[in-house]
Structures are given as structure tokens and as C-alpha cells.
Amino acid sequence: MNALDSGGLPAIQKSLKEAYRKFEGQSDRIRAVLTGHAHIDLVWLWPERTSEYKATHTFSTMNRLMDLYPEFVFGYSQPASYDAVERISPKLMDQVKKRIGSGKWEALGATEVESDTLIACGEALARSFLLGQKGFRRLQGKPSRVLWLPDVFGYCGSLPQIMRQTGVEYFFTTKLTWSNINLFPYSSFIWRGIDGSEVLVHVTQENGYNQQVFPQEIRQGARAYRQADVHGEYLSPTGFGDGGGGVTEEMCERARRLKSFAGMPEVGWGRVDNFFDKLNLTRAKLPSWQGELYLEYHRGILTTHNDLKAKFRECERALQVWEATRCASGGGEIEDNSWHRLVFSQFHDYIPGSSIWEVYQEGLPELAAISEKALGSAAKELGRGHASALFNPLPVERIHLLEDGSKAVRLAPLSGSSTAELSALDPVKPVQTTAKKMESNSVKATFDAKGRISALAFDGNAVALRAPLGELMIFPDYPHDFDAWEIDRQTFSLGRAVETPAEVSVLSEKGLRGSVEFRRKLGEKSTMAVRYHLDAFQPVLHIEYDIDWHEEKSLLKVLFPTAYTGRMARFGAPFGSVQRGQQAGPSRDEAMFEGAASRWAIVSDDGDTAGLGVVTEAKYGFSCRDGELGVSLLRSPRVNGEDPSGGDKLFPAGIRRGGARSTYADQGRHIVRLALCFHSPQTPREFLASTLADTLFTPPLAYHGPAVSAGFLGLDGVESLVPCWAKPAADGQGWILRLHETMGRRGKVRLRLAKGLKAFKTDLSEGGKNDHPIQELTVNPYELISLRLL
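Since we're looking at a predicted model, the values are computed, not measured. (Residues numbered from 1 in each chain as written. Predicted model: local features only at pLDDT ≥ 70, side-chain atom pairs only at ≥ 80, totals over all residues. Heavy atoms only, no water.)

A few words on the overall build of the protein. On a plain count of helices and strands, the protein comes out with 14 helices and 43 strands. Relative to the 2.2 N^0.38 estimate, which gives 28 Å for 790 residues, the radius of gyration of the protein is 28 Å and therefore close to what a compact globule would have. Its C-alpha atoms give the protein principal-axis dimensions of about 85 × 70 × 60 Å. By the burial criterion, 61% of the 790 residues in the protein qualify as buried. A separation threshold of at least 6 residues defines the contact pool for the protein, and within that pool the share at least 24 residues apart is 74%. Of the roughly 29500 Å² of accessible surface on the protein, 50% is carried by carbon and sulfur atoms. Of note, the protein has its 94 positive side-chain charges centred 3 Å away from the centre of its 96 negative side-chain charges. (Helix = DSSP H or I, 4+ residues; strand = E, 2+ residues; numbered from the N terminus. Rg over C-alpha atoms; globule rule 2.2 N^0.38 Å. Buried < 20%, exposed > 50% of the residue type's maximum accessible area, 1.4 Å probe, protein only. Contact = heavy atoms within 4.5 Å. Areas by Shrake-Rupley, 256 points an atom, 1.4 Å probe, with all protein chains shown as cover. Lys, Arg positive; Asp, Glu negative; His and termini not counted. Charge placed at Lys NZ, Arg CZ, Asp CG, Glu CD.)

Pasting the structure below:
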């Protein structure tokens, strides 16, 4: 019809002839490209040791099938599995490497494990790529060009930028088709990240990643392929998965019989990279999607197992401290194993909290041991003297109030100094605290009888409230399916406010630090102490929830109802941030009733002239509707694999270990830390929510030794560009400073460096350096920047 409208009858005659040529009778021109696949959950309904043998058995079967069916092609991701197979069966691994060399076995995936992309901080997520690509180079002499994440529960908006900086061009998933409200509109498309980086994506529609070459699957996949008018092939991952197993002889036989079958799509085995290379030829005709790929499903994984997520974040911070001390002291990289194990815990059924108890009974002590070793090693490596000193492991200047409350000091980035030599900041108004009010030089807060915040101001700027801040809500949490994964929409219509009266105690009345506590009964079986803290020098109100939680099938959430009702609210991402609609209307906005935030969020008016920031130590499930920011604190679904009757009928002998445990998650004591801050375009870098998410919860490292410094003194310009990590360079040449733009702004930044230190621009892969040192940076919205300092 377009041809008729633009060129009349001659044009439509030509167009119809072309259509007849393409769609001949008895010939379906679309082709199903089968890729042998075995999705192996490294942990889930089994612990890690079991998945290692699943990988070994699967690899052995796939290797044998290649002898029986020369046309068969198999692909597998996750270098962690290859390492396990090499350890268990070196001879088998030698055969696998030969298959990789022949092209019949495709080692692809880019990440060390199939990582969750929402909970890890940006640096930890990037390390999964860096370790993974190192593994693929070891396996095949080159990095993977394809990111393979078929079963991950949402994809952060900074992922395309991470991919492009680590050598990845293509991305495959199936999970987007699980969205339970809006059908994802594309099968093949260009994904443009929040910064503008682009990758080519293919998503299976209707079928998942455990296909078996049934005729109905093949036809269903063809019918559902939404870009069939542009590209005549779709990808069909074939083989038993989740618990591995992969392709069978029966599937190979079906593939032979369906190769050219009348009324069916063509069927044949093929490599994933070849599929994407052909799809890439049609790039100019493909649709685009910009921003995060939000999965409208499995929203509960952002909160399930609070103790796990807190320990994971603690481990991230500890490794950050250890690497920072190496940068300041001139040391090399820290050992690989610590990062390998932290990245392993990013697996998409590990850190989300959807595995059985055994996984966490083994994993939590391991994460704690990594943290202890990292912090101990950092202090020891700096400790070459007797003077008591403090080291700031963050690449941002910060104010720190000494533990004894005697003085506040300003700590330079990535530097350590003797506490005796640190000058006290000029005196300010002491914190005044009563049962109803707290006031410092920068913050004024008033409380009601329930311990909620009835009025709040920062530096004279009153926060626009719709109701008291800090309303605690308990929701009955009975998802329709997948207890550990899911929060249903109706859950948020059934909540009840905690109405019990509070017992008030003033913990600290005067001085440079003030605290007040409100104790309350919570639900049927639980109690909570809410503590508010102020220090005299920071424009921040700290909130600490000390919770003894014994509710079952319940969700605890805290709400901050403001009058800032702009169209969008802003949520931290692993790097940068994303905006999501907070007003009623489009179904895609309505579907985001619970979403991921990388520990911070901001709500403001459309003009962005003022707003409220919420910063957390290790919370990831957020909501925002009509100015009301919410943070999910705890939820207690049935732990995956736990039978309420006490049986273990689902599991073979040897899987279940560990003795008595709770049927429900998060039972017991938890301490959850948050903070509130003011947001405006004039907020300096030091007090941005994105910066506070690190500085408020990463204390300086105490050590005994001389002063040290990495030589980075700070930045001038573009306050939303936040230096977030420092690490030794992989090749031993200097160290790497990571920075990310967090608010969608652009401009120029000037570096302040110690005399003799030079900066060169590089990327995540550290693959070379610009020959010319730079003193000034041009910054683009949400850009991720890496600098090599020598």
C-alpha cells in the first residue's frame, strides 16, 4: 500500500511481484537456527558442587554427540563452569578445547557467570565481564563478542556501555518475554543504553531456552518472530537446561527430519556469532530501544534474603578498600580469587535470593571471610609504622567525624594521614536533640508520636511533604507463583500501617553527634527500634532500623510521601541512573510498581529545582508513585526448596545439608541503614545521593603507619561526575580511576592531580592508553570514564 500511495499502479505491480517471489507456495522462507544449549544454574535447587558435576556430565554428552552428528553445533557460556570441568576431568576439557578450535563448540557469553545485572555495583558488574573475557581468551584466544544471559531478571541501562567497553557487540536473552503486563515489542533490535552506546539484541518470543526441536516449537518461534520482514532467521536455543543436560540424540534426529519439511520453517544447526553477524547486516532496518530493559516480573528478588545482600555489599566495599590501598601505596593487583568468588555470587539465582538454604549456608561465611581478609590485608599493607592514621579509600573528598566525637576532619581522596595531624574543622553549632526534634547546623527534623518525620529541612530548604516521612507498612505477601522471586501488584493494595505507639529515648543530646530512638511493636511477632542520627557537619539525616523480624509471608516497606510529583523519579543504576515514570497512566509505567535502584533514588518536581534523596547501605527494591518514594526493607517468602511440612521430597539424597533452618526468609535480627538528603541542581558532588551511597557507608580504614596518597586531588566542574573506584592497572602500569556521570548532564571537567602525576584516558578493558596526557575531560550524560594515572 505504501508503494501504491507513493508511486501508483506501476509501483504496486513491482512491489507485488517481489512479494510473490519471496512467498512462493509451500515454502516458508524463515529459518530456525538451532544452537545446542545447556543452561546450567551454578546454584539454585542445588549447591555449587552439584552444578560442577552437571557441567562435567553435560560437556561429556555434547562431546560424544559431535561424533555422532557432524552437523551438530553447541554453545556454552560461563568460564566458571569450564574451570570446574578442567579441575574435575582434565582429559575431557582437552577434548572440549579441540572442539572449540574446530568451530563446533562455541565458547560465548562474555561474563564469568550469567550475572544478575541489577544488584551488583557498577564495578563488581564490570568485573564479571573482565574476568569472563579473560576466561574466553584463555579458552579460545579471543574475547566473546556475544553476551549470553537467557535467564536474568532485568537488564540495567548501563549494560550496553559496559558491553562495548569490554569487546561485546551482541546480546541474547529470552527473559524479556516473561513480562506479565506488557508484551515486549521486538525480537531483534538495537539496544541503546542510557549513555547512547548501542548493541544488537535478539530475544526469543514465545519459546524459551530449553527447546527440544518439536515441530510446534519451530512453528511457534517463526510465527512470533517480530522482525521476520527484515531478517529471515531466528535463534532457537535447543537442549535441556536449568539443571543442564543439553541436547539429546532424539533432538538431533528431529533436526535432521525437519531440515526441509513442507509447511515448516527451515531448520539447521548454526553458531550464535554467525547468526548475529548476518542479523547485523540488516541493522539499519531494525527498531531501537533506549534505556533499561525492565522485566515486569520477579520484582521480589530485589529484597529477598536481606542478610545475603548486606553481606554481598559489605564484600564489595571491602574489595574497594583493598584495591584503593594498593593504588595509594604503589602495589599491584589484589589476588584474583577474591573477585572470582564475589563475581560467582552475582549468579542470577544466587544474589537474588532464589536458591535453597544450602547455597547461603555455604556462601555467607565465604563472603564474610573475603571481607575480613580484604580489610585485614589493606590495614596490614598500609601499616608500616606506629602512628594511628585514617585512610580514605574513596576517590572523593569527605568529612569524617571521629568515633569519639572529639572532632571532624576533612579527608582527601585516596589518602591516609595521622589522626593527630588531621586538622579539626572549624566549630559549628552542636546537635540539639529532644524526643520531638533534632537540629544541627544543616538539618532540622521534627518527629511525631509514632517516630515519623513530620517536618524536615536541609540548610533552610524545607522538604515539601504530603504526609509524615518514614511511614512503616506491612503487606501480606502471597505471590501467585515463585515465592522467592515475586511481588504481585495487588500486594501493595493490601498493606496496613504500623500503628503501635512508640517508646522514645534520647541517646545523645548534645555535641557533634545526636541520636534519638523510637521503639515499636511490629506486626504480630516482631519489634523494631528506629534510630535517627545527625552529625554537626553533614547535611544528612541518618536512619537506622534495628528489626527483630518474625513475620511470615510478609513484606516490610518504609514510605516517604513528598509533594514532589514530577513526571519522572530517578533511581541509581550500577553506573549512572535511570528515570522511571511516577505518575498514573501508561501501562509500562504502571508495571514498574517495584523496581531496582543501586542504593539511591531521588524524587523531584519536573523543574528539578528541589527534591528528596533516599540513600541506602544495601537496599535495592524501590518504588515511587505520586511523590511517594518507598524502600522495601524485608520480605519473608518461603525459602526456595523448603517444604512447610518439613519434608525434602523434591531433592535426591546428598543435596540437603545443614540441619535445622527456617522455612521463611529473613527471620531474626537485621540492621538496615538509610539516609535522607536534599536534592537540587546546586548540590555539590560531595553531597549528591550517588556519592553519599558510598561515603556514608564506607568508613575510613584505621591503620598504623605513615601518610600515603594516590595523588588524585579532585575535580572541578560537572558536579554529577562521581569518581567511584580506584584499582591497580592490570598491566602494572599505574592505576585506574573510574568515574561515572550520574544525573544526565554534560560539560567539561578539570582534573586536579599531584605534581608529576599524569592522566590518560582508557576504558574498562584498559586496552591501551592515549599517548597524550589530559588535564580536562569533556563529559557526556551517563558516561563511564576510566583514567590511567601514572
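On we go.
Looking now at the pairing of strand β35 (residues 701-704). The side chains of a regular strand alternate, residue by residue, between the two faces of the sheet. Every second residue of β35 is oriented toward a common face, the buried set being Leu701 and Tyr703 and the non-buried set Ala702 and His704. Direction of pairing for strand β11 (residues 388-392) relative to β35: antiparallel, over a ladder of four bridges. Across the sheet, Ala389 pairs through a bridge with Tyr703, a residue of β35. (Pairing = 2+ DSSP bridges.)

Read across the open sheet, the five strands follow the order β4-β5-β7-β6-β10; overall the sheet is mixed. The sheet is open, and its two edges are formed by β4 (146-148) and β10 (288-290), each paired on a single side. Across the sheet, the axes of successive neighbouring strands diverge by a mean angle of 30°, strand direction being ignored. Where strand β6 (residues 188-192) and β10 come together, three bridges link them in parallel fashion. (Axes fitted to C-alpha atoms, helices over the stretch in contact; angles between N-to-C directions.)

Inspection of every chain in the model, using the stated rule, returns eight cavities of 30 Å³ or more. Taken as a whole, the largest cavity spans an internal volume of roughly 180 Å³. If you go around the largest cavity, you meet 18 residues; those closest to its centre are Pro574, Arg599, Asp694, Cys724 and His740. For the lining of the largest cavity, the secondary structure elements donating two or more residues are α5 (122-140), α10 (306-329), α14 (689-695) and β38 (721-728). Class assignment for the residues of the lining of the largest cavity results in nine nonpolar, five polar and four charged. Roughly 100 Å³ of volume is contained in the second largest cavity. Around the second largest cavity, the lining comprises 16 residues; the ones closest to its centre are Leu118, Phe153, Tyr294, Leu295 and Ala596. Split by residue class, the lining of the second largest cavity holds nine nonpolar, three polar and four charged. (1 Å grid on protein atoms, 1.4 Å probe; cavity = no way out; pocket = protein on both sides within 12 Å on 5 of 7 lines; lining within 4 Å. Points joined across faces, edges and corners; volume = space filled by probe spheres on them. Nonpolar A, V, L, I, M, F, W, Y, C, P; charged D, E, K, R; others polar.)

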